Amino acid sequence: MSRSQPSLTLVRGDITEQDVDAVVNAANSSLLGGGGVDGAIHRRGGPAILAACRDLRASHYGKGLATGQSVATTAGELPARHVIHTVGPVYSPREDRSGLLASCYRTALGVAREIGARTVAFPAVSTGIYGWPMDDGARIAIRTVAEAATAEAFDEIRFVLFDVDAYTAFQEALDARG
Ligand code: ADP
């Protein structure tokens, strides 16, 4: 018997503009900012997010956040209420790191659930600067979220895709699941 699921939706757009309970940041383990999604979130969200990340580094995350793990902060001036930072793996053609990429989606949903975020927006983690092939990244994202997100905890899980190729890859991955 299939479990009841929240709606999995796809939009083309910018993660920083999503009016949801929590947006997920494709962060790096320093938690102190970077390019891509990370840069956009800190730019648009203002200094409160970086201040919260520095506090995390000064307390529980002295060595930074491990790959595949997630942690929440304020969303500062973003429309969202929380940012959930997750650290994607760098793609490697020699080593299968897909378990770590799946872990990003799973742990981010776990954190969302703990903070009561019922609508969550994800970017395509690891598919930018970290080099993960989009089709494979999309399949891992859709499969993991479909398995981990229950309707009892979430209303909507939204994937926010920056360009048409990303959107098409996620659409195909979603269609393939039926
Ligand atoms: P990573 O370092 O995990 O690869 P990036 O931020 O470089 O993360 O890229 C992740 C994905 O997010 C890429 O597909 C990139 O095109 C996309 N992206 C970049 N900026 C935004 C944004 N503002 N909103 C949504 N997606 C974005």
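Coordinates for the structure precede this section.
Here is what the cut-offs are and how they apply
- Residues numbered from 1 in each chain as written.
- Predicted model: local features only at pLDDT ≥ 70, side-chain atom pairs only at ≥ 80, totals over all residues.
- Heavy atoms only, no water.
- Near = heavy atom within 4 Å.
- Polar contact = N/O pair within 3.5 Å; in protein donor to acceptor, adjacent residues only side chain to side chain.
- Areas by Shrake-Rupley, 256 points an atom, 1.4 Å probe, with all protein chains shown as cover.
- Helix = DSSP H or I, 4+ residues; strand = E, 2+ residues; numbered from the N terminus.
- Buried < 20%, exposed > 50% of the residue type's maximum accessible area, 1.4 Å probe, protein only.
- Pairing = 2+ DSSP bridges.
- Salt bridge = Lys/Arg side-chain N within 4 Å of Asp/Glu carboxyl O.

Trainee: Hey, could you go over the site of the ligand for me, with residue numbers and the actual values?
Mentor: Close to the ligand lie 16 residues; Val37, Ser126, Thr127, Gly128 and Ile129 are nearest. Val37 has a polar backbone atom sitting 2.7 Å from an oxygen atom of the ligand. Within the contact set of the ligand, an oxygen atom lies 2.9 Å away from a backbone nitrogen or oxygen of Tyr130. Relative to its unbound accessible surface of 570 Å², the ligand loses 90% to contact with the protein. For the shell around the ligand, the element with the most residues is helix H1 (residues 36-45), which contributes three residues.

Trainee: Help me get a handle on the pairing of strand S4 (residues 82-87), residues and values and all.
Mentor: Of all the six residues making up S4, six are buried; the element is thus mostly covered by neighbouring parts of the structure. Along S4, one buried face is formed by His82, Ile84 and Thr86 and the opposite face, lined by Val83, His85 and Val87, is buried too. Pairing between strand S2 (residues 22-27) and S4: six bridges, direction parallel. The partner of Val24 across the bridge, within S4, is Ile84.

Trainee: Give a detailed account of the pattern of salt bridges, specifying residues and quantitative values.
Mentor: All told, the structure shown has seven salt bridges when counted by the stated rule. With its nearest N and O atoms 3.5 Å apart, the salt bridge here joins Arg139 to Asp136. Of this pair, Arg139 and Asp136 both sit in helix H4 (residues 134-148), three residues apart, roughly one helical turn.

Trainee: Any chance you could break down the side chain of Ser92 for me, citing the residues and the numbers?
Mentor: Relative to the assigned elements, Ser92 resides in the loop between S4 and helix H3 (98-114). The exposure class assigned to Ser92 is buried, which follows from its relative accessible area of 9%. Engagement of the side chain of Ser92 in a polar contact is seen with the backbone nitrogen of Arg94, the distance being 3.1 Å.

All quantities given are derived from atomic positions and should not be read as evidence of function.
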